[in-house]
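Overview (structure and organization)
Listed below, chain by chain, are the residues.
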Amino acid sequence: MTTYASPSDEFEPRYPLAWATLACVLAALTLSYPALSGQFLVNPLSDQYIAGYSFREFAAASLRAGNGFPLWNPYLLGGMPYVAAMHGDIFYPTFLLRMVLPTDIAMTWGMITHLILSGVATYAFLRAIGIGFFGAVVGGIAYMMGGQVSSLASAGHDGKLFVSALFPVTLLVLTWGIRDGRRWAWGLLAVVIGLGVLSPHPQLLQYLLLASGAWALMLAFGGAGDTALTRREAFTRLGLALGAVVIGFAMGAIQYLPVSEYVEWSPRVGGRDYAYATSYSMPIEELFNTYLPQFTGTLTGYWGRNGIHFHSEYIGAAVLFLAAGAFARGATPFARRMLWFWVGLGFVSLIWALGGNTPFYHLVYNIVPGSKFFRAPSTIFFVTTFAVAVLAALGTERALAGARATARAVAPTNVRRWGIAGLAVGGGIALLASVGALQQVALNIALPGRLELVDANAGALIAGAWRSFLFLAAAVAVVYAVSERRITPVVAGWALAAVVVVDLWSVERQYFGFMAPASELYASDPGIEHMKQETQPFRVIAEPLVYGSAFHDPMLSYDGLMLHGIRIPYGYHGNEIRYWRGLAERSNAYDSMSNPTFWGLANVKYFYTNVDSLPVPGARRVVGPFTNAAGSTISLFELAEPHPFAWVAPAIAKYPDESVVQALRAPGFPYRSVALIDTASTTPAVTLSALPSPLDLPVTATSYEPGHFTLELAAPAPEGSALVVSENYYPGWTATVDGQPAKAERANLALMAVALPAGAQRVEFTFDSAPFHTGKMVTLIALALALLALAAGVLLQRRHGGGAAEASRA
């Protein structure tokens, strides 16, 4: 059996984990301290600002009210299943914070705690593989504060941050299980993988599993312990790891069984083409940003080829210098194995991140499962960042080892060469920036429409080059001083950690934007208050019609109105029901926003927009102008013609979807005259020679809430008619007509309808999700198995000599 002593070194303080945790907490607070005063970690560029907060508050309100997890979101894009269409971390443990804290505070601290976790877990992993205290502290901070992880706060990509934090946890647990033979590790691994599945970010989870799988093979066959595993031990432990992964995936069933049902309804059904899959690849020139982040400009000053760039690739000048030190001569065989494994994994992930900019990604696209559903291969760069952090930890080890009393593993001559080479490279880059050479390179690379951004970035480029050189020089000075024994290794270790923190902070702080509490950001206004007085379901088109609204106003084009219980036909999501896209599609040739047929189908009663007069005949301003919470000047207009939530069509006809789309795009199509259902439907239909006249048969909603509503007809329904409802159909909707079960089905491309028997007057609709309930049961069983395996492993470890110290690691 492979054994491994707990790593220690002569520079380690008492309670090393506590000191490392404190270092990571303080480093994280340099970026996030405004959260201590209740500010919201969000900015106008963030997905959380325009959508994510609304998604989470909707579920949190349902949970606080004792109604459980919501299954249907009626407020966006015609309505969609809440779980199946994915609305963020629905089942990830962060939802527990939102049950006891205001949603904005819970979201803020969910991000911050995972940032800290990424650093502490990296430290623990590095210690577990034999790296000393200060090397592990530097490596943990380098990963935690590196741009690819810390800047995720800017775009509000909490799912990516969760998986990035779970990556070193996964590596650590695999090390305990495969190398050390800790029996309890397999239950813990299942829990960690389950959390990754529930994050839910399937793309980064895929990258985590691939990189962790490579590490597992390294542990099993690469001799990462003090003795090699036998072949039987290696295959047995790899099998246990695979079993834990399977249980972990089963833990995600509550999320992914509904998702699997949704695939054919999603706009991503069948996967996407190579151009889509390689969109937001990392341009090769942006590798320069790992040292000089201002090269392609930052945030709104970005001039690169990806259009938008709300994240950072900055690894750190000091970190890159220390990583180079990992290649110093005198390393042990163990260090050499670690070195070349992480160099290899870092290289593969880097080539992957370049995506369509190299031929390599054709292999990924055609071979790796799931790649056709994803875009932005650049997101795998967190693995590259982690690999560099490991190398920086090894380099720190080499630097401090030269000052040991027992040996000088890195001679002063080598340190001088290492430092001189680093200063030469950094100084050369700074000089090239100062004389305009890098600016000229940028002008040659930039797209024609972005040359003004390149010009505006010239000063930041020069200042950034000298900033990077300053921190590079600081790291060189510390390494040189400790090699000459002018400072002690303890002072040098903390000094290197401080240099890395300040270096990364000086760049990544701009990605930590804070705003006022959500109660102020999404506050009501006179237009919203007017709409809240409505007694019948309706939708409002909330879109800017002229330039001049507040930047990324969440109430215009985005999802802020759902916080006030107001339904909109558009919104920001990206995984809406694809049939609704056919109705709501907008282009130069056809714009649903100006189509009266769409207004009727979508139950539109109001326009909430930033003009003084609406160019629609009969529309009248009922409120405004007023200033909303985001600062936009808004008027609320009511359309002249009523567009009820439901209506009775006198006839039912079957047509293929392509014909239905073309018909419903006609501005004057009499949509209330016929319910158009799919040709595969078993519901009786008629062959039309002409459209009948619409019925004068009002329908009233006597109750309406997400996933359930009841409708009353003003008079008995005629034979052959159908009730059409302005809510998207999706499997799980059921209906009763006068208390008797009836078939709800898709009509008018996306909406919901039910055929009415003669005399019908009361119809009730309810949404439920069978995959959710099945998935919930599977998740609970898998979680119980994982916890049972963890507890059994602890008991077996104690019984077979593991002792309390081994059990405490669980």
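Residues numbered from 1 in each chain as written. Predicted model: local features only at pLDDT ≥ 70, side-chain atom pairs only at ≥ 80, totals over all residues. Heavy atoms only, no water.

A closer look at helix α4 (residues 103-128)
Between its first and last C-alpha atoms α4 spans 36 Å; for 26 residues at 1.5 Å apiece the expected length is 38 Å, and the two agree. Most of α4 sits inside the fold, with 21 of its 26 residues counted as buried. Of the residues flanking the end of α4, it is G130, one or two places downstream, whose phi is positive at about 100°. (Helix = DSSP H or I, 4+ residues; strand = E, 2+ residues; numbered from the N terminus. Expected span 1.5 Å × (residues − 1). Buried < 20%, exposed > 50% of the residue type's maximum accessible area, 1.4 Å probe, protein only.)

Observations regarding the pairing of strand β9 (residues 646-649)
Residues of β9 alternate between two faces, with A646 and V648 on one and W647 and A649 on the opposite face, all of them buried. The pairing of β9 with strand β14 (residues 722-728) spans 4 bridges and is antiparallel. By the bridge assignment for β14, V648 is matched with L723. (Pairing = 2+ DSSP bridges.)

So, a nonpolar patch on the surface
On the surface, Y15, W19, L22, L26, V490 and W494 cluster together into a nonpolar patch covering about 590 Å² of accessible area. Counting only elements with at least two residues in the nonpolar patch, the list comes to α1 (16-32) and α22 (489-508). No other element matches α1, which puts 3 residues into the nonpolar patch. Mapped onto the elements of the fold, V490 is located in helix α22. Judged by its relative accessible area of 36%, V490 falls in the partly exposed class. (Patch = residues over 30% accessible without salt bridge, like charges linked within 9 Å, V, L, I, M, F, W, Y side chains within 5 Å. Areas by Shrake-Rupley, 256 points an atom, 1.4 Å probe, with all protein chains shown as cover. Salt bridge = Lys/Arg side-chain N within 4 Å of Asp/Glu carboxyl O.)

Re the packing of aromatic side chains
Tallying each qualifying case throughout the model produces 55 aromatic pairs. Arranged with centres 4.8 Å apart and planes meeting at 5°, the rings of Y53 and Y522 form a pair that is stacked. One end of the pair, Y53, is in helix α2 (residues 47-64); the other, Y522, is in the loop between α23 (518-521) and α24 (526-532), with 469 residues separating them in the sequence. For Y53, a relative accessible area of 9% puts it in the buried group. Ring geometry for Y730 against F767: centres 6.3 Å apart, planes inclined by 45°, an arrangement best described as tilted. Remark: F767 occurs in strand β19 (residues 762-767) and Y730 occurs in the loop between β14 and β15 (733-737); sequence separation between them is 37 residues. For the pair Y730 and F767, a shared accessibility class is recorded, and that class is buried. Connected via pairs of aromatic rings, a cluster forms that spans W72, Y262, W265, Y579, F645, Y704, F709, Y729, Y730, W733, F765 and F767. Over the aromatic face of W505 sits the side chain of R509, whose NZ or CZ is 5.0 Å from the ring centroid. When the ring centre of Y579 is taken as origin, the NZ or CZ atom of R746, which lies over that ring, is 3.9 Å away. (Phe/Tyr/Trp six-rings, centres within 6.5 Å; stacked < 30°, edge-to-face > 60°. Lys NZ or Arg CZ within 6 Å of the ring centre and 35° of its normal.)

Digging into the layout of surface pockets
Empty space among the atoms can be located by rolling a probe the size of a water molecule over them. Its volume calculated, the second largest pocket comes out at about 600 Å³. The wall of the second largest pocket is formed by 28 residues, among which T290, L320, F321, A323 and A324 lie closest to the centre. Secondary-structure elements contributing two or more residues to the lining of the second largest pocket are α14 (317-324), α15 (333-353), α17 (381-401) and α18 (412-434). If you tally residues by element for the lining of the second largest pocket, the top one is α18, at 6 residues. In terms of residue class, the lining of the second largest pocket is made up of 23 nonpolar, 5 polar and no charged. (1 Å grid on protein atoms, 1.4 Å probe; cavity = no way out; pocket = protein on both sides within 12 Å on 5 of 7 lines; lining within 4 Å. Points joined across faces, edges and corners; volume = space filled by probe spheres on them. Nonpolar A, V, L, I, M, F, W, Y, C, P; charged D, E, K, R; others polar.)

Comments concerning the pattern of salt bridges
Following the criterion strictly, the structure yields 23 salt bridges and no others. Note that R237 is salt-bridged to E233, the shortest N-O span being 3.9 Å. Of this pair, R237 and E233 both sit in helix α11 (residues 231-251), 4 residues apart, which is roughly one turn of that helix. The pair R237 / E233 is uniform in exposure class, with both members buried. Its salt-bridge partner being R762, residue E764 comes within 3.8 Å of it at the nearest N-O pair. A cluster of three or more residues bridged by salt bridges with shared partners is formed by R56, D89, R98 and D158.

Here's the deal with the sheet that holds strand β13 (residues 708-713)
Spatially, the 5 strands line up as an open sheet ordered β12-β13-β19-β15-β16, and their pairing is antiparallel. Edge strands, defined here as strands with exactly one partner in the open sheet, are β12 (699-705) and β16 (740-742). Strand-to-strand twist across the sheet, computed as the mean angle between neighbouring axes with direction ignored, equals 25°. Taken together, the 6 bridges between β12 and β13 define a ladder with antiparallel strand orientation. Counted as the bridge partner of T700 is E712 from β13. (Axes fitted to C-alpha atoms, helices over the stretch in contact; angles between N-to-C directions.)

So, the sheet that holds strand β6 (residues 604-609)
Read from one edge of the open sheet, 4 strands run β5-β6-β8-β7, paired in mixed fashion. On the outer flanks of this sheet lie β5 (539-542) and β7 (620-627), each paired with one strand and no other. With direction set aside, neighbouring strand axes in the sheet form an average angle of 20°. Taken together, the 4 bridges between β6 and strand β8 (residues 633-638) define a ladder with antiparallel strand orientation. Across the sheet, the residue bridging to F607 is F637, located in β8.

Things to note about the side chain of H552
Structurally, H552 is set in the loop between β5 and α25 (578-584). Accessibility expressed as a relative area gives 19% for H552, which makes it buried. Of note is the side chain of H552, whose polar atom sits 2.5 Å from the backbone oxygen of P44. Setting aside anything within four residues of it in sequence, one finds H552 in contact with P44, L45, Y49, I50 and Y558. (Polar contact = N/O pair within 3.5 Å; in protein donor to acceptor, adjacent residues only side chain to side chain. Contact = heavy atoms within 4.5 Å.)

Regarding the confidence of the model for the protein chain
Per-residue confidence for the protein chain gives a mean pLDDT of 91; residues scoring 70 or more make up 94%. Predicted confidence for residues 1-6 stays below pLDDT 50, and this span has 25 contacts to residues more than four positions away or in other chains. Overall, residues 803-810 carries pLDDT values under 50, and its contacts beyond four positions in sequence, including any with other chains, amount to 17 contacts. (pLDDT = per-residue confidence, 0-100.)

Topic: the packing of helix α5 (residues 133-145) against α17
One can describe the packing of α5 onto α17 by two numbers: an axis separation of 8 Å at closest approach and a directional angle of 155°. It follows from the interaxial angle that α5 and α17 lie roughly antiparallel. Like other packed secondary-structure pairs, α5 and α17 cross with a definite hand, here right-handed. Residues F134, G135, V138, G139, A142 and Y143 of α5 lie in contact with α17, whose contacting residues are F382, T385, F386, A389, A393, T396, E397 and L400. Looking at the contact of α5 with α17, its residues break down into 9 nonpolar, 4 polar and 1 charged. (Parallel < 35°, antiparallel > 145°, perpendicular 65-115°, else oblique. Left-handed = near helix turned anticlockwise from the far one by under 90°.)

Description of the nonpolar core
One finds W215, W342, Y608, L723 and F765 to be the most contacted residues of the largest nonpolar core, which totals 263 residues. Other than its neighbours up to four places away in sequence, W215 contacts F125, I129, L171, L174, T175, M338, F341 and W342. The next biggest cluster of nonpolar side chains, apart from the first, holds 5 residues, and it includes L45, L299, F310 and Y511. (Core = buried A, V, L, I, M, F, W, Y, C linked by side-chain atoms within 4.5 Å.)

Observations concerning unusual backbone geometry
Omega for the bond connecting S199 with P200 falls within 30 degrees of zero, at -20°, which places this linkage in the cis form. As for its position among the elements, P200 is in the loop between α9 (185-197) and α10 (202-221). Look at the link from G624 to P625: it is a cis peptide, with omega at 5°. Looking at the secondary structure, you find P625 in strand β7. For Y280, which is not glycine, the phi dihedral falls at a positive 60°. Position of Y280 among the secondary structure elements: in the loop between α13 (274-277) and α14. Note on Y280: relative accessible area 28%, which makes it partly exposed.

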